[in-house]
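Breakdown of the fold
Next come the chains, spelled out residue by residue.
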Amino acid sequence: MRITNKVLSDTFLRNLSTNLNQMYKYQQQLSSGKLVSRPSDDPLLVAKIMSMDNNIALNEQYNTNIRDSLGWVKTQDTALADATSTLQRIKDLIIYGANGSLSELDRSAISEEVKQKLDQLADILNTSFDGRYIFAGQKTHSRPFKVEDGELVYNNYLNPDDPDAEINYDENSNNVFREISQGVEIKLITDGNKLMRAEDVENEDNKNLGDLLSNVIDALDKGDTEKLSGELLADIQKHIDNVVRVRTQIGAIYNRLEAAEERNIQENLHLKELLSQREDIDIAERFMEYTVMSNVYVASLNIGAKILQPSLLDYLR
Amino acid sequence: MTGLFNTLNTANKGLMAQQTSLHTAGHNIANANTRGYSRQRVELKADMAYKLGGVGQLGTGVKMDSINRIVDEYVVKQIRNETSKLETYTAKSQVIDQLEVIFNEPSDTGLNFYLGEMFDSWQELSKNPESLTSKTIVVEKSRALAETINHMAKQINSLKDETVTQLEKNALDFNSIVEKLAALNDQIYNIASSSQVPNDLLDQRDLMLHDLATIANFRATFDAFGRVSIKTADGQIDLLATGGQEVYELSVITEIEANENGGYSINISRGGRESQVITMDENGIRQLLEIEGQEAIDITPDMVNRLVGKVIFTNKEGEGLDIRLSDSISSGKIQGNTEGLDVIEDSIKELNDFAKMMADAINYVHTRDTAGKPVDNYINIFTYGDDPASSLAINQDLEASKILAGKDYDSPEGDGSRALAIARLRNVKLNPQDELEFGQGLLLKDMTGGVTIEGAYANIVIDIGISKEHADNIIANQKVLVGQLELRRESTSGVSIDEEITNIIKYQKAYEANARVIATLAEMLDVLINRTGV
């Protein structure tokens, strides 16, 4: 093949530009820290990266959901602990009041304290979290418990016109839901009615906590010690058990949320690690490659300067 | 019989021949870096010999036979074809490159990000259904998403316009090179008809053909004089003729609109210079589509839309407009830009489908009761027109308070079930072909063969990436091929300075030797004339 000066210079330029292109690629990767910057760099990898980005963002959203729910459930737990001890105190008062040797004055003092406890119980059950009542069902902005004419009442029935509907209501409809991971919803128990009704109480009059407490006050006022030590004492224990039962359920939800948070954090770490493996460059490796490439570049410049210069003209005269 | 004057003449011819060769070497060196130049060589041969009685043939010196340019026509033609292919993918890659920039993925500011933000805002609303702020955020995030999609659609459309303008310019360039070639043909004819070879003009001709091939492929034939005539690659339409045939030039369809009487009004950029509006009936459109290889029984707006940017052939001279069609352009910038336009159209279509799919799904969940029946006062979140991507907007009547977080407006304020169902749309696989349907409660059912909304968007980006990657790979290969061919051309036709300098020394020495012959003859004549006899 006949080689002319232009063949030399063209080949040199072409190779130089290939080297520079490669250097440009490494430089881009080194300065951005990322393996790819455009879909065409590696379309399938970009697809993976985009879907991982989405999954990470989604996971972070789930994480916020879980943490919000944890706060909510924790508040509920504390409230129910307080409610239980309040009820416990009422129970003690009932036992105290059932003592036949008490004077009228003593008993009215006890009755007064029970009334106080009634207000306290309403306050505890009206605890709010993040501006919302936690035992208000889905009617989170209306105060669920009230003491009306000395009686504790629950306001937030699903169907206020027909409070009896409470028995048949769909239990799902009056709780709130959170998505804690893809496709997994968790039900936060918010229905205050659940706290008011102890289904295992046989006496219809005492089934409702409000009714029971009115009966207690009534019995205290009347000095009906037999009733106090009999059905009322038995039934308040059942109501305490009911509240504890709800608290246990809430505790189970709390545990589930904690496990979910653990899993969520693990998954997020895992996803981020996977993304980093796919997306990020190995700086040391890339830097080595870049150094090698820049050596090649300098060498080709050097050689170019040497082979392009001489011609026959240099040796004539 | 030989005489001294005869010898003098031989030496003189030698002088002339060496001088001419030297001149040509100088011409070669002068053009060593001229694009498209082929080195030239003076072909010398021994001149007609005398018959010297009883002795034999007596030579009469050198004769300059011709000045040739050294070219390998086959390589030149190959370079033309391969460069044309290289240009196809270079132009295509440039168009898609801009498209990639518009989509701007992977990044933290692309559509993917806004899409995630929008779904997150529903998720937050599902947790805080009582909060008007959360609803306002949903409205604003949805608006930001819609505006991002609008902006992208707008950018893609202006890229399309730009590419059509580019095609007009390609057509104009092609036509003006053809015009220059016509003038060159005349010059070549003038010189060649006096039986000389116009070497430099032929170089120019080849160079122009090379430039022409970067724009579009064609069929070139050369006549005995070295004039070129150009036809479309399928040989059907004359673009440059030497025999006075009617010639056509490249024109571009820049706009097509359906008019009210079932026809179409078409804006043609004639020759890439002036626009002219014509009307065409359905049959005309059908013919255009058939040339593209589409059996068009029912003409769809998408088909018509894709005719924009199509190159057609129109009469160059004469009255009126005569349109010829051919699908023979298969390489060069025009083909590259046309393929780029196809990619653009595909992404517009996919973006439209994506916008529609997303808006429909969200609207569906927001406007129906659990039985899947639309409810009057549950209003749409998104509205859109014919082109969903560019017309996607937030429903004008939508205020934050009209966002339905719960089952219905009468639901307790803490009910976020509908917001949660919309947030969970993020993971539902949808298929635009099928009817939307509720599965459990307000959750949409996964559809067979469906993709998630985010998946549908990622697919658009990936399609673009794959087209660009493919084009870039071909460019890399084609560059190597063209480089090799150019080396071969250079190796044949290129000027080697060393070689020319060597030649110059050779010619100089020969010139000096010829001069020596003349000097010797002059001495001999001097002896003969001045010193003999008297």
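For every chain, the first residue of the written sequence is number 1, and numbering continues from 1 onward in sequence order. Each chain is given a letter, starting from A, and each ligand a number, starting from 1, according to the order in which they appear as written. At least 70 in pLDDT is required for a residue's local features to be given in this predicted model, at least 80 for side-chain atom pairs to be given and counted, and no such filter applies to totals for whole chains, interfaces and linings, which use all residues. Values reported for side chains reflect all heavy atoms of the structure, with hydrogen atoms and water molecules removed beforehand.

A few points about the overall build of chain A
Labels follow the DSSP assignment, with helices taken as runs of H or I lasting at least four residues and strands as runs of E lasting at least two, numbered in each case from the N terminus. A count of helical and extended segments in chain A gives seven helices and six strands. Using C-alpha atoms as the atom set, the radius of gyration is obtained and then compared with a globule rule of 2.2 Å times the number of residues to the power 0.38. Taking 2.2 N^0.38 as the reference for a compact globule, 317 residues should give roughly 20 Å; the C-alpha atoms of chain A span a radius of gyration of 38 Å, well beyond that estimate. The buried label applies to any residue whose accessible area, calculated with a 1.4 Å probe on protein chains only, is under 20% of its type's maximum; exposed applies above 50%, and partly exposed to all values in between. Here chain A, with 317 residues, has 43% of them falling under the buried criterion. Taking all contacts inside chain A whose residues are at least 6 apart in sequence as the whole, residues at least 24 apart take part in 70%. Here chain A contributes 35 positive and 52 negative side-chain charges, whose respective centroids are spaced 13 Å apart. Only heavy atoms matter for contacts: two residues are in contact if any of them lie within 4.5 Å across the pair. Under the convention used here, Asp and Glu are negative, Lys and Arg are positive, and both His and the chain ends fall outside the count. The location of each charge is read from NZ of Lys, CZ of Arg, CG of Asp or CD of Glu.

A closer look at the overall build of chain B
Scanning chain B from N- to C-terminus turns up 12 helices and 14 strands. Relative to a compact globule of 534 residues, whose C-alpha radius of gyration would be 24 Å, chain B shows 37 Å and is clearly more extended. Oriented by its inertia axes, the alpha-carbon framework of chain B measures out at about 145 × 50 × 35 Å. The buried share among the 534 residues of chain B stands at 49%. A fraction of 64% describes how many contacts in chain B between residues 6 or more apart in sequence connect residues 24 or more apart. Just so you have it, chain B exposes about 25300 Å², and 49% of that area is on carbon and sulfur atoms. Across chain B, 51 positive and 80 negative side-chain charges occur, with their mean positions spaced 8 Å apart. Computed with the Shrake-Rupley method and a 1.4 Å probe, the accessible areas treat only the protein chains shown as cover for residues.

A few points about the packing of aromatic side chains
Paired rings are identified among Phe, Tyr and Trp, the last through its six-membered ring, by centres lying within 6.5 Å, and are further divided according to the angle between planes into stacked (under 30 degrees), edge-to-face (over 60) and tilted (the rest). A complete count under the given rule lists eight aromatic pairs over all chains for this structure. Seen from their ring centres, Y189 of chain B and F225 of chain B are 4.8 Å apart, and the 75° between their planes marks the pair as edge-to-face. Note that Y189 of chain B is positioned in helix α4 (residues 132-192) and F225 of chain B in the loop between β5 (219-222) and β6 (228-231), a separation of 36 residues in sequence. Residue classification places F225 of chain B among the partly exposed positions, given a relative accessible area of 31%. With a centroid separation of 5.7 Å and 45° between ring planes, the pair formed by F354 of chain B and Y457 of chain B is classed as tilted. Taken as a pair, F354 of chain B in helix α8 (residues 333-367) and Y457 of chain B in helix α11 (residues 453-493) lie far apart in primary sequence, 103 residues in all. No difference in accessibility class separates F354 of chain B from Y457 of chain B, as the two residues are buried. Ring pairs connect the aromatic residues F103, F354 and Y457 of chain B, which therefore count as one cluster. Its guanidinium or amino end placed over the ring of W72 of chain A, R178 of chain A lies 5.9 Å from that ring's centre, counting from NZ or CZ. Residue placement shows R324 of chain B over the ring face of Y248 of chain B; its charged tip is 5.2 Å from the ring centre. Put simply, a charge is over a ring when the Lys NZ or the Arg CZ is close to the ring centre, within 6 Å, and near the line of the ring normal, within 35 degrees.

Let's talk about the interface of chain B and chain A
Taken together, the contact pairs 48 residues of chain B with 46 residues of chain A. For the pair chain B and chain A, the summed buried surface comes to about 4200 Å²; carbon and sulfur atoms form 53% of the total. For the chain B face of the interface with chain A, the top three residues by lost area are P106, K127 and R424 of chain B, together amounting to 15%. Of the charged contacts in the structure, one is a salt bridge between R424 of chain B and E179 of chain A, with a shortest N-O distance of 3.4 Å. Under this definition, polar contacts are N or O atom pairs within 3.5 Å; protein pairs additionally need one hydrogen-donor-capable and one acceptor-capable atom, and for neighbouring residues in sequence, both atoms have to be side-chain atoms. Our enumeration of links across chain B and chain A arrives at 29 residue pairs in polar contact (both at pLDDT 80 or more). Residue contributions to the side of chain B that touches chain A peak at 14 residues, all from α11 of chain B. Put simply, buried area is the surface a 1.4 Å probe can reach on two separate parts but cannot reach once they are joined, added for both. Counted as salt bridges are all cases of a side-chain nitrogen of Lys or Arg within 4 Å of a carboxyl oxygen of Asp or Glu.

Overview of the sheet that holds strand β11 (residues 311-315) of chain B
Residue and element names in this part refer to chain B. Strand order in this open sheet of five strands is β10-β9-β8-β11-β12, and the pairing throughout is antiparallel. Across the chains shown, the open sheet's two edge strands, defined by having one partner strand only, are β10 (274-280) and β12 (323-324). Two strands pair under a simple rule: DSSP has to find at least two bridges between them. Sheet topology places strand β8 (residues 248-258) next to strand β9 (residues 264-270); six bridges connect them, and they run antiparallel. Considered in β9, the bridge of A258 is made with Y264. Orientation is described by axes fitted as lines to C-alpha atoms, over the contacting stretch for helices, and by angles from 0 to 180 degrees between their N-to-C directions. Contacts from helix α6 (residues 282-291) reach β8, β9, β10 and β11, with the element oriented near 115° to β10.

Notes on the packing of helix α2 (residues 73-103) of chain B against α8 of chain B
Residue and element names in this part refer to chain B. Closest axis-to-axis distance for the α2/α8 pair is 6 Å, and the angle between their directions is 25°. It follows from the interaxial angle that α2 and α8 lie roughly parallel. Judged by the twist between their axes, the crossing of α2 over α8 is right-handed. Residue-level contacts link E87, T88, Y89, A91, K92, V95, I96, L99 and F103 of α2 to K333, Q335, G336, N337, E339, G340, V343, I344, S347 and L351 of α8. Under the scheme applied here, ten amino acids are nonpolar (Ala, Val, Leu, Ile, Met, Phe, Trp, Tyr, Cys and Pro), four are charged (Asp, Glu, Lys and Arg), and all others, including Gly, are polar. Split into classes, the residues belonging to the contact of α2 with α8 amount to nine nonpolar, six polar and four charged. Angle categories: roughly parallel below 35 degrees, roughly antiparallel above 145, roughly perpendicular from 65 to 115, and oblique for all the rest. Put simply, a crossing is left-handed when the front helix is turned counterclockwise from the back one by less than a right angle, and right-handed when it is turned clockwise.

What about α2 of chain B?
The span you would expect from a helix comes to 1.5 Å times its residue count less one. The end-to-end C-alpha separation of α2 of chain B is 45 Å, in line with the 45 Å expected for 31 residues at 1.5 Å each. Positioned one or two residues after α2 of chain B, N104 of chain B has a phi angle of 50°, which is positive.

Topic: the pairing of β6 of chain B
All names here are of chain B. In terms of strand pairing, β5 meets β6 through four bridges, oriented antiparallel. Across the sheet, residue A220 finds its bridge partner in β6, namely I230. Hairpin connection between β5 and β6: a loop of five residues separates the two successive antiparallel strands, and G226 in this loop has a positive phi of roughly 95°. When β6 meets strand β7 (residues 238-240), the two strands line up antiparallel, connected through two bridges. Counterpart to K231 in the pairing with β7 is D238. Where β6 folds back onto β7 in an antiparallel hairpin, the turn is made up of six residues, including G235, whose phi is positive at roughly 75°.

Section: helix α5 (residues 199-215) of chain B
The end-to-end C-alpha distance of α5 of chain B, which contains 17 residues, comes to 25 Å, matching closely the 24 Å that a straight helix rising 1.5 Å per residue would cover. Of all 17 residues that make up α5 of chain B, 13 are buried, and the element is covered over most of its length.

Brief notes about the packing of helix α2 (residues 43-97) of chain A against α11 of chain B
The N-to-C vectors of α2 of chain A and α11 of chain B enclose an angle of 160°; their axes lie 9 Å apart at closest approach. As summarised for this structure, α2 of chain A and α11 of chain B are arranged roughly antiparallel, according to the angle between their axes. Judged by the sense of rotation from one axis to the other, the crossing of α2 of chain A with α11 of chain B is right-handed. Taking contact as the criterion, the partners of P43, V46, A47, M50 and N54 of chain A in α2 of chain A are, on α11 of chain B, E454, Y457, A458, V461, I462, G465, I466 and E469 of chain B. For the contact of α2 of chain A with α11 of chain B, the residue count by class is nine nonpolar, two polar and two charged.

Examining the nonpolar core
One broad rule of soluble globular proteins: the nonpolar side chains tend to lie buried together. What makes a nonpolar core is a set of buried Ala, Val, Leu, Ile, Met, Phe, Trp, Tyr and Cys residues whose side-chain atoms join them at distances within 4.5 Å. Ranked by size, the top nonpolar core spans 119 residues in total, and within it F103, W122, L181, I285, L351 and F354 of chain B carry the most contacts. Per-element accounting of this core gives the leading share, 18 residues, to α4 of chain B. The contacts of F354 of chain B, once residues within four sequence positions are left out, are L111, L115, I149, I453, A456, Y457 and I460 of chain B. Grouped together as the second largest cluster of nonpolar side chains are 51 residues, I94, L188, I217 and L220 of chain A included.

Some details on the pattern of salt bridges
For the structure shown, the criterion picks out 50 salt bridges over all chains. Measuring nitrogen to oxygen at the nearest pair gives 2.7 Å for the salt bridge that ties E289 of chain A to R286 of chain A. Linking E289 of chain A with R286 of chain A, this pair stays in helix α7 (residues 283-308), spanning three residues, or about one helical turn. By relative accessible area, which is 27% here, E289 of chain A ends up partly exposed. The residue E437 of chain B makes a salt bridge to K445 of chain B at a minimum N-O spacing of 3.2 Å. With relative accessibility at 43%, the residue E437 of chain B sits in the partly exposed group. By relative accessible area, K445 of chain B is classed as partly exposed at 38%. Where salt bridges share partners, they join R38 of chain A together with D97, E100, K468 and D472 of chain B into one cluster.

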